[in-house]
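# Coordinate analysis (summary)
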Amino acid sequence: MGNVTGRHLLVLSSGEPWQEACLLAAGARSVWRVGHGRVESMHPRLVALTHLEANGLYAQGKLGPFDGVVSYNELQHEGFGNYGEVINPIADVLIIGRSWCVSRPSAELLLSVPTCAMDYIHWRDHRCYGKRMLQRLTGYWKSLSTSRSTVTCET
C-alpha cells in the first residue's frame, strides 16, 4: 500500500491498536478498526468497532467506502472460537470478502498472514496459507505483489 495521507482506511485487528496508530501518524484521514472486543479511543480520527457493530452499520449503509484495508497477523486466527465468536471454518474468507464490499473500486489490501508450502490448519489456533488457501482468501482482490507472508492487492 502506498501513501496513506488523506485516505479513509479499515483495519482488521483484535490486538493492540499499533497499526491504527501508525496509519494515523502517517497521515490517514480516518481509520476504522473492526475486531473482537472493545477498544476505547479518544482520537478524533479513529473509530473502533466490534464485528457486531460493524455489521449493524453496514446494514444501515453507514460503513465505508474505504480507500484501503490493512490486516497484520490477524485473519489466520478467525473462526476458531478463541475470541468468543461462533466457530466458522471460512470466517477469514468472509471477513476479507466483507472488507472488499465496503471498499472503493481503487482500494488496496495490505494483508499479512503466515504462508507455507502446503495449506494446513492447526485446529483452534491458526491457519497457514498455502497457494490454494491464499487464493481463496484474496479471491475478491487483484494481487499486486506477494512476499513471504505479506500480500498487497487492489479491488
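Residues numbered from 1 in each chain as written. Predicted model: local features only at pLDDT ≥ 70, side-chain atom pairs only at ≥ 80, totals over all residues. Heavy atoms only, no water.

### Some thoughts on helix H1 (residues 18-25)
An α-helix turns once per 3.6 residues; consequently, residues spaced three or four apart project the same way. Of all the positions in H1, only Gln-19, Glu-20, Leu-23 and Leu-24 are classed as buried. Projected down its long axis, H1 shows its buried positions confined to an angular sector of 130°, all on one face. Structurally, H1 contributes buried residues whose contacts are with strand S1 (8-12), strand S2 (30-35), strand S3 (46-50) and strand S4 (66-72). Once H1 finishes, Gly-27 follows within two positions and takes phi at roughly 105°, a positive value. (Buried < 20%, exposed > 50% of the residue type's maximum accessible area, 1.4 Å probe, protein only. Helix = DSSP H or I, 4+ residues; strand = E, 2+ residues; numbered from the N terminus. Arc of directions from axis to C-beta. Contact = heavy atoms within 4.5 Å.)

### What about the pattern of salt bridges?
Applying the stated criterion across every chain, the model contains five salt bridges. Notably, a salt bridge pairs Arg-33 with Glu-20, separated by 2.6 Å at the nearest N-O pair. One end of the pair, Arg-33, is in strand S2; the other, Glu-20, is in helix H1, and 13 residues separate them in sequence. For the residue pair Arg-33 and Glu-20, the accessibility class agrees, reading buried in each case. (Salt bridge = Lys/Arg side-chain N within 4 Å of Asp/Glu carboxyl O.)

### What to know about the state of the cysteines
Taken as a whole, this structure holds one disulfide when the rule is applied. For Cys-116, the disulfide goes to Cys-128, at an S-S distance of 1.4 Å. Looking along the S-S bond of the Cys-116-Cys-128 disulfide, the torsion reads about 80°, which is the right-handed sense. Of this pair, Cys-116 sits in the loop between strand S5 (103-112) and strand S6 (120-122) while Cys-128 sits in strand S7 (residues 126-128); the two residues are twelve residues apart in sequence, bridging distant segments of the chain. (Disulfide = S-S within 2.5 Å.)

### Looking at the pairing of S2
Within S2, six of the six residues are buried, leaving the element largely enclosed by the surrounding structure. Covered by surrounding structure in S2 are Ser-30, Trp-32 and Val-34 together with Val-31, Arg-33 and Gly-35, the residues of both alternating faces. Two strands pair when backbone bridges link them, and S1 and S2 are joined in this way by five bridges, in the parallel orientation. Residue pairing across strands places Leu-10 opposite Trp-32, the latter belonging to S2. Read from S1 through H1 to S2, the crossover connection turns out right-handed. Inspection of the sheet shows S2 paired to S3 by five bridges, in the parallel sense. Bridge assignment links Val-31 to a residue of S3, and that residue is Leu-46. (Pairing = 2+ DSSP bridges. Right-handed = clockwise from strand over helix to strand, strands pointing away.)

### Thoughts on a nonpolar patch on the surface
Taken together, the side chains of Ile-87, Ile-121 and Trp-123 present a nonpolar region at the surface, about 340 Å² in accessible area. Overall, Ile-121 belongs to the partly exposed group, its relative accessible area being 49%. (Patch = residues over 30% accessible without salt bridge, like charges linked within 9 Å, V, L, I, M, F, W, Y side chains within 5 Å. Areas by Shrake-Rupley, 256 points an atom, 1.4 Å probe, with all protein chains shown as cover.)

### A word on unusual backbone geometry
A cis amide bond links Gly-64 to the next residue, Pro-65, at an omega of 0°. Tracing the chain through its elements places Pro-65 in the loop between helix H2 (51-59) and S4. Even without a glycine there, the phi angle at Asn-73 is positive, about 55°. Summarising the element assignment, Asn-73 is placed in the loop between S4 and helix H3 (91-101). Looking at Asn-73, the relative accessible area reads 42%, which means it is partly exposed. One non-glycine residue, Arg-124, lies in the positive phi region at around 70°. With respect to the helices and strands, the residue Arg-124 is situated in the loop between S6 and S7.

### Thoughts on the environment of Ala-54
Its place among the elements puts Ala-54 in helix H2. Ala-54 gets classed as buried once you look at its relative accessible area, which sits at 5%. Distance in space between the C-alpha atoms of Ala-54 and Asn-73 is 20 Å, their sequence separation being 19 residues. Setting aside chain neighbours within four positions, we find Ala-54 in contact with Val-34, Leu-49 and Leu-63.

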